[in-house]
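Residue strings, one per chain:
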Amino acid sequence: MKQMDTKSLINYIALKILGGSDYIIDALEKYLVKGEGPASVAYEYQISKHQLRGYAQRIIEKSGSESRAKKIIPIIKEISKDIKPIVKKGEDELYTCTICDISVPKEDAEEHVRKYHKDILTATIKTMTERLEEYKKDKNAVILTSVS
């Protein structure tokens, strides 16, 4: 079993949330943790089942194993619960940055956050990392710190 890349996992989730894909954690929880079918989860979140499986695969890779991914998703949900996207979907399939009021296509939303709002991304990553450290301390969560 591969060791978990916590930093990469938090960076990935923070960028997804800030870039307007804040549904990703709920979708992954339904798919990986609760075992719902990919087609029904994808339909609910208006993404393809291939996208859903891709998100799941990245989380599994960063977690080190599927079993660890299933355990970490509820924790990620907890540490990111009040983090809001800064790029939001509009009526016309374009996404709008709430900070600089620029419209961007969906595929460019995360790059926009990474390029123009690195300070917010960095602060979000720091907040999530601190919350994870608190969680580990409070729960004695060995699963998050080493191979288990």
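Heads up: these notes are all about the structure in this document. It should be emphasised that the depicted structure is a prediction, and the values quoted were computed from it without experimental measurement.

Further remarks concern the nonpolar core. In terms of nonpolar packing, the biggest core is built from 43 residues, with Ile13, Leu28, Ile59 and Val87 touching the most fellow members. Only α1 (6-18), α2 (24-33), α3 (38-44), α4 (49-63), α5 (66-79), β2 (94-97), α6 (109-116) and α7 (118-139) provide two or more residues apiece to this core. In terms of residue count, α1 provides more of this core than any other element does, 8 residues in total. In contact with Val87, not counting residues within four places along its chain, are Leu18, Gly19, Gly20, Tyr95, Thr96, Cys97, Val104, Ala109, His112 and Val113.

With that settled, the discussion passes to the packing of aromatic side chains. Overall, the coordinates contain 1 aromatic pair when judged by the stated rule. Relative to Tyr45, the ring of Tyr23 has its centre 6.1 Å away and its plane inclined at 25 degrees; by these criteria the two rings are stacked. Note that Tyr23 is positioned in the loop between α1 and α2 and Tyr45 in the loop between α3 and α4, a separation of 22 residues in sequence. Judged by relative accessible area, Tyr23 falls into the buried class, the value being 16%.

On to unusual backbone geometry. Trans peptide bonds make up most of the peptide bonds, and negative phi angles are found at most residues other than glycine. Positive phi outside glycine occurs at Gln46, with the angle close to 55 degrees. Mapped onto the secondary structure, Gln46 falls in the loop between α3 and α4. Residue Gln46 is classed as exposed on the basis of its relative accessible area, which comes to 68%. Backbone geometry places Asp101, a non-glycine residue, at a positive phi of 55 degrees. On the secondary structure map, Asp101 appears in the loop between β2 and β3 (103-105). On the basis of relative accessible area, Asp101 is assigned to the exposed category, the value being 64%.

Attention now goes to the packing of α2 against α5. At a closest axis distance of 10 Å, the pairing of α2 and α5 adopts a crossing angle of 145 degrees. Along this stretch, α2 crosses α5, giving a crossing that reads as left-handed. Packed against α2, whose contacting residues are Ile25, Asp26, Leu28, Glu29, Leu32 and Val33, the element α5 presents Glu66, Lys70, Ile73, Pro74, Ile76 and Lys77 at the interface. Looking at the contact of α2 with α5 residue by residue, the class counts come to 7 nonpolar, no polar and 5 charged.

Before going further, it helps to spend a moment on the environment of Ile125. With respect to the helices and strands, Ile125 occurs in helix α7. Given a relative accessible area of 19%, Ile125 falls into the buried group. In this structure the C-alpha to C-alpha distance between Ile125 and Ile13, which are 112 residues apart in sequence, comes to 8.8 Å. Those residues in contact with Ile125, other than ones at most four positions away along the chain, are Ile10, Asn11 and Ala14.

Turning to the sheet that holds β3, a few remarks are in order. Taken in spatial order, the 3 strands make up an open sheet running β1-β2-β3, and their pairing is antiparallel. Each edge of the sheet is formed by a strand with only one pairing partner; in this case those strands are β1 (87-89) and β3. Across the sheet, the axes of successive neighbouring strands diverge by a mean angle of 40 degrees, strand direction being ignored. Note that β2 and β3 share 3 bridges and pair antiparallel. Paired with Leu94 across the two strands is Pro105, which belongs to β3.

To continue, consider α1. Taking 1.5 Å per residue as the helical rise, α1 with its 13 residues ought to reach 18 Å, and the 18 Å between its terminal C-alpha atoms agrees with that figure. For α1, the buried fraction is high: 11 of the 13 residues fall into the buried class. Directly beyond the C-terminal end of α1, a positive phi value near 100 degrees is found at Gly20.

Quick notes on the rules
Residues numbered from 1 in each chain as written. Predicted model: local features only at pLDDT ≥ 70, side-chain atom pairs only at ≥ 80, totals over all residues. Heavy atoms only, no water. Core = buried A, V, L, I, M, F, W, Y, C linked by side-chain atoms within 4.5 Å. Buried < 20%, exposed > 50% of the residue type's maximum accessible area, 1.4 Å probe, protein only. Helix = DSSP H or I, 4+ residues; strand = E, 2+ residues; numbered from the N terminus. Contact = heavy atoms within 4.5 Å. Phe/Tyr/Trp six-rings, centres within 6.5 Å; stacked < 30°, edge-to-face > 60°. Axes fitted to C-alpha atoms, helices over the stretch in contact; angles between N-to-C directions. Left-handed = near helix turned anticlockwise from the far one by under 90°. Nonpolar A, V, L, I, M, F, W, Y, C, P; charged D, E, K, R; others polar. Pairing = 2+ DSSP bridges. Expected span 1.5 Å × (residues − 1).

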